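Here are the chains, one letter per residue:
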Amino acid sequence: MSTPPELFRLLDVEKAYDVGRKGGLFASGPRRRLAALDGVRLSLKAGESVAIVGESGSGKTTLLRVLLGLTSPTDGRALYREKDITLLQGDDRDRFCREVAMIYQDARGSLNPRMSILDLVAEPLDHHGLCKPSERRDRVAALLSRVGLPPEMMERYTSALSGGQVRRVAIARALASAPAVLVADEAVSGLDVSTQAQLLKLLRDLQREMGVSMLFITHDLGVAAYLCERIAVMYLGRIVETGLTKDVLSAPAHPYTRALLNAAPKFFEPIAEPLGGEIPSPIDLPPGCRFAGRCPEARDDCRARDPELVAGAPNRAFACLHPLIGEPAFA
Ligand SMILES: Nc1ncnc2c1ncn2[C@@H]1O[C@H](COP(=O)(O)OP(=O)(O)OP(=O)(O)O)[C@@H](O)[C@H]1O
């Protein structure tokens, strides 16, 4: 069996911003940098589903913007099918736009309220020349049916739809170009629990039936566990733990992953005190592990040595000097 092709690949991606000098515009002293992403390595193969989880400020949105080519890394490379995303041109650019579909957190805000559902869902078909005008309605009806909406809905506008229905329209639109990857940003947040469950089931069915890859950005570990076979846990611009979701969530190696699990008591039994404090500013980070200031396991060496993400168990990697499982990753 041949290995599935690599779709996205991030090679030590850094995205840093110049945030001026301490004390404001007229202050002297060195300029300060904020590393929103710092040495991120990640891959997504065809048919795979990967969850990116982490608190607010951990760098998830920046990662998404890099993946979509909306911003370029300040160091490292972000590749789609082995080509630099921000340098894609011509046919490669068209292919990227056709193959990578986005489902936004604010589905209602991302869809033009003046366009009918028919036109919203047909727009990618029209844009990429994927159907004849005579087939348009049938194609949209089939896409709506695939996401559980009746064909009559195509005459309506998003203002007449419930939150769950609008998300389904957004999914139908994302599927229109038969994408290779669905990138979803908090795609089910802000909905009631039963609507969330229905949408999660829909996404999982689509993934299984169509073999589409998924990159799911979420702060909800339950969503990650349900939808994604692999998980990458981010903290302050770095991936601090990654592996198969079932392994990582059943036996976290990094104290930060464990703290996130504790913050999700409805899905998992709490196993330690929840995480205190706020995620610190990523400007001019102190030496050592960036989680040490909040880590209940931190020892002296954690404040001195900055652990890299290294393989520490089969199919696992974590950036921790004193991991909670297995042998210490660092000699
Ligand atoms: N254009 C920018 N200029 C300066 N700093 C930025 C910029 N964009 C993001 N940041 C900073 O980078 C860090 C990561 O932000 P990012 O939005 O990627 O995090 P996040 O995990 O997506 O958070 P949230 O869930 O709140 O959206 C934050 O400290 C943020 O303030």
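Residues numbered from 1 in each chain as written. Predicted model: local features only at pLDDT ≥ 70, side-chain atom pairs only at ≥ 80, totals over all residues.

For the chain, the name recorded in an unreviewed UniProt entry is ABC transporter ATP-binding protein, with Methylopila capsulata as its organism. According to the UniProt record, the Subcellular location (unreviewed entry) comment for the chain is "Cell inner membrane". (UniProt positions renumbered as here; feature names shortened; annotations may be inferred.)

(A) Structural view of the overall build of the chain. What the chain contains, in helices and strands, is 10 helices and 12 strands. Taking 2.2 N^0.38 as the reference for a compact globule, 331 residues should give roughly 20 Å; the C-alpha atoms of the chain span a radius of gyration of 21 Å, in line with that estimate. Overall, the C-alpha framework of the chain stretches about 70 × 50 × 45 Å when taken along its three principal axes. The buried share of the chain, taken over its 331 residues, is 39%. Taking all contacts inside the chain whose residues are at least 6 apart in sequence as the whole, residues at least 24 apart take part in 61%. (Helix = DSSP H or I, 4+ residues; strand = E, 2+ residues; numbered from the N terminus. Rg over C-alpha atoms; globule rule 2.2 N^0.38 Å. Buried ≥ 20, exposed ≤ 12 C-beta atoms within 10 Å, placed from the backbone. Contact = placed C-beta atoms within 7 Å.)

(B) Structural view of helix 6 (residues 163–175). Compared with the 18 Å implied by 1.5 Å per residue over 13 residues, the 19 Å span of helix 6 between its first and last C-alpha is a close match. Of all the positions in helix 6, only V166, R167, R168, V169, A170, I171, A172, R173, A174 and L175 are classed as buried. Where helix 6 is buried, its residues meet strand 6 (100–103), helix 3 (107–110), helix 4 (117–127), helix 5 (136–146), strand 7 (181–185) and helix 7 (193–210). (Expected span 1.5 Å × (residues − 1).)

(C) A look at the site of the ligand. Lining the immediate environment of the ligand, one finds 13 residues, of which A36, S56, K60, T61 and T62 sit closest. Put simply, the parts of the chain that give the shell around the ligand at least two residues each are strand 1 (6–21), strand 2 (31–45) and helix 1 (60–67). Looking at the shell around the ligand, the element that brings in the most residues is helix 1, giving 3 residues. Residue composition of the shell around the ligand, grouped by class: 5 nonpolar, 7 polar and 1 charged. (Near = placed C-beta within 6 Å. Nonpolar A, V, L, I, M, F, W, Y, C, P; charged D, E, K, R; others polar.)

(D) Structural context of the pairing of strand 9 (residues 230–235). Counting buried positions along strand 9 gives 6 out of 6 residues, so the element sits mostly inside the fold. Burial of strand 9 is two-sided: the residues R230, A232 and M234 facing one way and the residues I231, V233 and Y235 facing the other way are all buried. As defined by bridge partners, strand 3 (residues 49–53) adjoins strand 9 across 4 bridges and the pair is classed as parallel. Looking at the pairing, A51 lines up with I231 of strand 9. Bridge count between strand 9 and strand 10 (residues 238–244): 6 bridges; the pairing is antiparallel. From the neighbouring strand, Y235 faces strand 10, where its bridge partner is R238. (Pairing = 2+ DSSP bridges.)

(E) Focus on the pairing of strand 7. Of all 5 residues that make up strand 7, 5 are buried, and the element is covered over most of its length. Burial along strand 7 is two-sided: the face carrying V181, V183 and D185 and the face carrying L182 and A184 are both buried. Both strand 6 and strand 7 contribute to a ladder of 4 bridges, which runs parallel. Of the residues in strand 7, the one forming a bridge with I103 is A184.

(F) Local environment of the sheet that holds strand 4 (residues 75–80). Strand order across the open sheet formed by 4 strands is 2-1-4-5, with antiparallel pairing between neighbours. Two strands close off the open sheet at either side, each with one partner strand: strand 2 and strand 5 (83–84). Sheet topology note: the strand 1/strand 2 ladder contains 10 bridges and is antiparallel. Residue V13 lies in a different strand from strand 2, and its bridge partner there is V40. Strands in contact with helix 1 are strand 1, strand 2 and strand 4; relative to strand 2, the strand with the most contacts, it is inclined by about 65 degrees. (Axes fitted to C-alpha atoms, helices over the stretch in contact; angles between N-to-C directions.)

(G) The sheet that holds strand 12 (residues 316–318), seen in detail. Strand order in the open sheet made by the 8 strands is 6-7-8-3-9-10-12-11, with mixed pairing throughout. In this open sheet, the two edge strands, each paired with only one partner strand, are strand 6 and strand 11 (310–313). Ignoring which end each strand starts from, the neighbouring axes of this sheet average 25 degrees apart. Across the face of the sheet, helix 6 comes into contact with strand 6 and strand 7 while running at roughly 175 degrees to strand 6.

(H) Highlighting unusual backbone geometry. Despite not being glycine, D12 has its phi angle at roughly 45 degrees, a positive value. In this model, R81 sits at a positive phi of 45 degrees, which is unusual for a non-glycine residue.

(I) The environment of A225, seen in detail. Relative to the helices and strands, A225 resides in helix 8 (residues 221–227). Sequence separation of A225 and K246 is 21 residues, and the distance between their C-alpha atoms is 6.9 Å.

(J) Summary view of the packing of helix 6 against helix 7. Relative orientation of the contacting elements helix 6 and helix 7 amounts to 15 degrees, with a least axis distance of 10 Å. If you check the angle between helix 6 and helix 7, you find them roughly parallel. Helix-helix and strand crossings are classified by hand; for helix 6 and helix 7 the assignment is right-handed. Contact with helix 6, carried on its side by G163, G164, R167 and I171, involves T195, Q198, L199 and L202 of helix 7 and no other residues of that element. Taken together, the residues of the contact of helix 6 with helix 7 break down into 3 nonpolar, 4 polar and 1 charged. (Parallel < 35°, antiparallel > 145°, perpendicular 65-115°, else oblique. Left-handed = near helix turned anticlockwise from the far one by under 90°.)

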